[in-house]
Amino acid sequence: MKKNGIALSVVTCHYGPHEQLYRLLHSLEKQSVAFDDFEWVVVDDGSPDGPPPFFSAYSGPLNIQSVPLKKNHGRSAARNAGWKKASGKIILFLDSDMELSRTAIESLKRDVERTRGVVVARLNPHPSLPKTAYLRYYHSRGGNKLPPGAELPGKYFTTGAVALEKKWLRRTGGFDESMKSWGGEDLELGLKLEKLDAPIFFSKRVLIYHFHDKDWPEIEKMYEIYGKETIPLLIDKYPGVERSLTLSLLYDKRTPFTRKWYCQKIVKIALKPIFYNFIRYLTTKYPAFAWPDIIFDYLVYYLYSTNYRKAGVHCG
């Protein structure tokens, strides 16, 4: 593989079936930038069937560097292994369930060079997916709520599609490898970047499609693990982050007494399983209905806050 002159490294971490990688592969082969200018570093995080078999026989135009891990280490460790193996000055993290427009890499590279910072790309639901209220909600969070050109707070930082100079990863040490499951590893890195005053921007003009085809039981499991395993690590490392996660509604001692009592009563009632199960039933039975965002805010909050409490940790 040619390494001289590579300006950007696309880093993708992968675990499980290989089908999604083919979609990403084909979109990378259609990029407007010269193939000698970038590489694709694919970290297989101990997939049961091993690394994708097409790598060994690949004869296309891409520079592909395969990084097979013998066992599953988790998202943070796999991403760290990827960027440390990468040759480019700019690192573009892309999840395996992405599909890029022809000019995506060119645009992100130019934005990073212009800002000398971090550029988080907006994700759009893949056109082949059904149009549901949850997918609309999922792809309208974080930076989508900010005006164009505004800097992105660390709490909104995501890594599904983000480009940054490698120097920022060296300065932060990369991802916290104690966070092995989904969720939180990007928030943690965002907080470190924010602490270093790294300029973080959100790009709505780069077209990237996200093939987010998980059903609600899968999403539930992800947020349950996030609440039980990752949030305690985040709060232990960053005291006060519970306010960003709205967990302070449960235990915040700084809230005035009357307001604290009122808020905690409402939250305690809302977090009863009967309410969650009822709303869950409605949203899964009628997924295309135009449910307001607050409905999904509630479902997600219920899942991670309830499992955070089950972990036996209290904030405030």
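What you see is a predicted model, and the numbers here were worked out from it, not measured in a lab.

Next up on the list: the nonpolar core. The nonpolar side chains of soluble globular proteins are, as a tendency, buried together. With 33 residues, the main nonpolar core has Tyr226, Ile231, Leu247, Leu299 and Tyr304 as its most contacted residues. If you list the elements that add at least two residues to this core, you get α5 (133-138), α7 (185-195), α8 (216-237), α12 (273-285) and α13 (293-310). Counting residues per element, this core draws most heavily on α13, which supplies 10 residues. Grouped together as the second largest cluster of nonpolar side chains are 30 residues, Leu100, Ala104, Leu108 and Leu123 included.

To continue, consider the environment of leucine 100. Tracing the sequence through the fold places leucine 100 in strand β5 (residues 98-100). Residue leucine 100 is classed as buried on the basis of its relative accessible area of 7%. Distance in space between the C-alpha atoms of leucine 100 and leucine 28 is 7.1 Å, their sequence separation being 72 residues.

Before going further, it helps to spend a moment on unusual backbone geometry. The residue arginine 116 is not glycine, and still its phi comes out positive at about 55°. You can see arginine 116 is positioned in the loop between α4 (104-115) and β6 (118-121). Here arginine 116 falls in the partly exposed class, since its relative accessible area comes to 42%. The residue threonine 246 is not glycine, and still its phi comes out positive at about 60°. Judged by its relative accessible area of 34%, threonine 246 is partly exposed.

Overall, mixed pairing links the seven strands, which are arranged β3-β2-β1-β4-β8-β6-β9 in an open sheet. With one partner strand each, in any of the chains shown, β3 (64-69) and β9 (200-203) form the two edges of the open sheet. Taking each pair of neighbouring strands and ignoring which way they run, the sheet shows an average axis angle of 20°. Looking at chain direction, β6 and strand β8 (residues 161-165) are connected through three bridges and run antiparallel.

Turning to the packing of aromatic side chains, a few remarks are in order. In this structure the tally under the stated criterion is 15 aromatic pairs. The interplanar angle of 85° and the centroid separation of 5.1 Å between the aromatic rings of tryptophan 182 and tyrosine 223 together place this pair among those described as edge-to-face. Placement of tryptophan 182 in the loop between α6 (166-172) and α7 and of tyrosine 223 in helix α8 is noted, with a sequence separation of 41 residues between them. Residue classification places tryptophan 182 among the partly exposed positions, given a relative accessible area of 24%. When its relative accessible area of 13% is taken as the criterion, tyrosine 223 is described as buried. Plain terms: the ring middles of tyrosine 226 and tyrosine 304 are 5.8 Å apart, the flat faces sit at 75° to each other, and that makes the pair edge-to-face. With tyrosine 226 in helix α8 and tyrosine 304 in helix α13, the pair connects residues that are 78 residues apart, well separated along the chain. Just as tyrosine 226 is buried, tyrosine 304 falls in that class too. Aromatic ring contacts, followed pair by pair, group Tyr134, Tyr137, Tyr138, Trp216 and Phe296 into a single cluster. A cation over a ring is seen here: arginine 79 above phenylalanine 175, with NZ or CZ 5.3 Å from the ring centre.

Let us now look at the sheet that holds β5. Spatially, the three strands line up as an open sheet ordered β5-β10-β7, and their pairing is mixed. Where the open sheet ends on each side, the last strands, each with one partner, are β5 and β7 (124-125).

This part takes up the pairing of strand β2 (residues 38-45). For β2, the buried fraction is high: eight of the eight residues fall into the buried class. Along β2, one buried face is formed by Phe38, Trp40, Val42 and Asp44 and the opposite face, lined by Glu39, Val41, Val43 and Asp45, is buried too. Pairing of strand β1 (residues 8-14) with β2, which is carried by seven bridges, proceeds in the parallel orientation. Bridging across to β2, valine 10 finds its partner in tryptophan 40. Note on the crossover from β1 through helix α1 (residues 19-28) to β2: the handedness is right-handed. Of the pairings in the sheet, the one linking β2 to β3 comprises six bridges and is parallel in character. When the bridges of β3 are listed, aspartate 45 appears paired with leucine 69.

About the criteria used
Residues numbered from 1 in each chain as written. Predicted model: local features only at pLDDT ≥ 70, side-chain atom pairs only at ≥ 80, totals over all residues. Heavy atoms only, no water. Core = buried A, V, L, I, M, F, W, Y, C linked by side-chain atoms within 4.5 Å. Buried < 20%, exposed > 50% of the residue type's maximum accessible area, 1.4 Å probe, protein only. Helix = DSSP H or I, 4+ residues; strand = E, 2+ residues; numbered from the N terminus. Pairing = 2+ DSSP bridges. Axes fitted to C-alpha atoms, helices over the stretch in contact; angles between N-to-C directions. Phe/Tyr/Trp six-rings, centres within 6.5 Å; stacked < 30°, edge-to-face > 60°. Lys NZ or Arg CZ within 6 Å of the ring centre and 35° of its normal. Right-handed = clockwise from strand over helix to strand, strands pointing away.

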